[in-house]
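# Reading the structure
Here are the chains, one letter per residue:
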Amino acid sequence: FYASAVRNNITVLVKKLLPLVVSLELEGKFEPNERTAYNKILESISGVTSESSVIDDTVIPVTLKDEIKIIFQSKTWESVWANRATVNATDAHMLFIDELDVITAPDYV
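What comes next concerns the included structure.

Calculation notes
- Residues numbered from 1 in each chain as written.
- Predicted model: local features only at pLDDT ≥ 70, side-chain atom pairs only at ≥ 80, totals over all residues.
- Heavy atoms only, no water.
- Helix = DSSP H or I, 4+ residues; strand = E, 2+ residues; numbered from the N terminus.
- Buried < 20%, exposed > 50% of the residue type's maximum accessible area, 1.4 Å probe, protein only.
- Contact = heavy atoms within 4.5 Å.
- Areas by Shrake-Rupley, 256 points an atom, 1.4 Å probe, with all protein chains shown as cover.
- Lys, Arg positive; Asp, Glu negative; His and termini not counted.
- Charge placed at Lys NZ, Arg CZ, Asp CG, Glu CD.
- Salt bridge = Lys/Arg side-chain N within 4 Å of Asp/Glu carboxyl O.

The next point concerns the overall build of the protein chain. What the protein chain contains, in helices and strands, is seven helices and zero strands. When the helices and strands of the protein chain are read in sequence order from the N terminus, they spell out α-α-α-α-α-α-α. Seen through its principal axes, the protein chain has C-alpha atoms that stretch 35 × 35 × 20 Å. The 109 residues of the protein chain split such that 39% are buried. Taking the intrachain contacts of the protein chain between residues at least 6 apart in sequence as the baseline, contacts between residues at least 24 apart amount to 77%. Taken as a whole, the protein chain presents about 6,300 Å² of accessible surface, with 53% of it coming from carbon and sulfur. Within the protein chain, one finds 10 positive and 16 negative side-chain charges whose respective centroids are separated by 2 Å.

Here we come to the pattern of salt bridges. Counted according to the given criterion, the structure contains five salt bridges. Asp101 is the salt-bridge partner of Lys69, the closest N and O atoms lying 3.0 Å from each other. Taken as a pair, Lys69 in helix H4 (residues 65-72) and Asp101 in helix H7 (residues 100-103) lie far apart in primary sequence, 32 residues in all. By relative accessible area, which is 23% here, Lys69 ends up partly exposed. On the accessibility criterion, Asp101 (41% relative accessible area) is partly exposed. A salt bridge links Arg84 to Asp91; the shortest N-O distance between them is 3.4 Å. On the accessibility criterion, Arg84 (19% relative accessible area) is buried. Residue Asp91 is classed as exposed on the basis of its relative accessible area of 52%. Look at the salt bridges and you will find they share partners, linking Lys65, Lys69 and Asp101 into a network.

These values are about where atoms sit, not about what they do.
Here it is as C-alpha cells:
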C-alpha cells in the first residue's frame, strides 16, 4: 500500500506542475530530448496514447521514470520548480524525485 501511495503522490506532483510549463510560456524552451520526455508524460497523463488503456496513476512513475528524471533535471524545469508554491507543491516533494530509482524498483514497499 505504501508504494502505491508514494507513486501516486509523484503522479499528483507532476500533474500539478505540468500546467506551469504553459502558463510560464516555457514550452519552446526545452531541449529536444526534454521536449520528447515532456510530451510523453503529457500524453500518458492525459490518456491520449497509442495504447488502448489509460495508465494508472501508480504506474506512471514506474513507466515514465526516465522521462520524469529528464524534465526535473532540465534548466527549463527550474522555472517551473521555482513557481511550485502556486500549485501547492513544496520543496519536500523533491524527495520523491530524488529517490525515483528506489521508489520505482519492483521491491519497493
